[in-house]
Amino acid sequence: IQRCWEARAATLPVQEGVVIIHAQIGPAGAVIEQCLTEDTFQDPGLRRCVNDLIAMGRYPTGASADVTFPLRFSAPKG
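Residues numbered from 1 in each chain as written. Predicted model: local features only at pLDDT ≥ 70, side-chain atom pairs only at ≥ 80, totals over all residues. Heavy atoms only, no water.

All right, on to the sheet that holds strand 3 (residues 65-74) then. Spatially, 3 strands are ordered 2-1-3 in an open sheet, and the strand pairing comes out antiparallel. The strands lining the two open edges of the sheet, one partner per strand, are strand 2 (31-39) and strand 3. Neighbouring strand axes in the sheet, compared pairwise and without regard to direction, differ in orientation by 20° on average. Relative to strand 3, strand 1 (residues 16-25) runs antiparallel, the two being bridged by 10 bridges. (Pairing = 2+ DSSP bridges. Helix = DSSP H or I, 4+ residues; strand = E, 2+ residues; numbered from the N terminus. Axes fitted to C-alpha atoms, helices over the stretch in contact; angles between N-to-C directions.)

Pasting the structure below:
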């Protein structure tokens, strides 16, 4: 996710914001459905990158779960 941010940060008009993704995880530990619930950047490249990473993830198995991934991005301080 850090690489997603680093690849897009320099091109964005704002350097701080959030992307929130809601996902349904199935009993096998794979994402079976997901949706973007907030995106303060409105950047298709960043949105696609984090969405793809969440979708490719493998999560604990055993039961279905609804999970929210709040991703806060900001420029490095220093």
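From this point on, the discussion continues.
Okay, helix 2 (residues 44-56) next. Here helix 2 is 13 residues long and its end C-alpha atoms lie 18 Å apart, about the 18 Å a rise of 1.5 Å per residue gives. Gly45, Leu46, Val50, Asn51 and Ile54 are the residues of helix 2 that are buried. Where helix 2 is buried, its residues contact helix 1 (2-8), strand 1, strand 2 and strand 3. (Expected span 1.5 Å × (residues − 1). Buried < 20%, exposed > 50% of the residue type's maximum accessible area, 1.4 Å probe, protein only. Contact = heavy atoms within 4.5 Å.)

The next thing to look at is the pattern of salt bridges. Opposite charge on two side chains allows them to pair when their charged atoms are near. By the definition in use, this model includes 2 salt bridges. The salt bridge partner of Asp43 is Arg8, with a shortest N-O separation of 2.8 Å. Highlighted residues: Asp43 in the loop between strand 2 and helix 2 and Arg8 in helix 1, separated in sequence by 35 residues. Residue Asp43 is classed as buried on the basis of its relative accessible area, which comes to 7%. For Asp39, the salt bridge is made with Arg47, and the minimal N-O distance between the two is 2.5 Å. For Asp39, a relative accessible area of 9% corresponds to the buried category. Since its relative accessible area comes to 23%, Arg47 is described here as partly exposed. (Salt bridge = Lys/Arg side-chain N within 4 Å of Asp/Glu carboxyl O.)

The biggest cluster of nonpolar side chains holds 16 residues, and the ones touching the most others in it are Trp5, Val19, Phe41, Leu46, Val50 and Phe73. Sort the elements by how many residues they give to this core and strand 1 lands first, with 4 residues. Excluding its chain neighbours within four sequence positions, the residues that come into contact with Leu46 are Cys4, Trp5, Arg8, Leu12, Val19, Phe41 and Phe73. (Core = buried A, V, L, I, M, F, W, Y, C linked by side-chain atoms within 4.5 Å.)

All quantities given are derived from atomic positions and should not be read as evidence of function.
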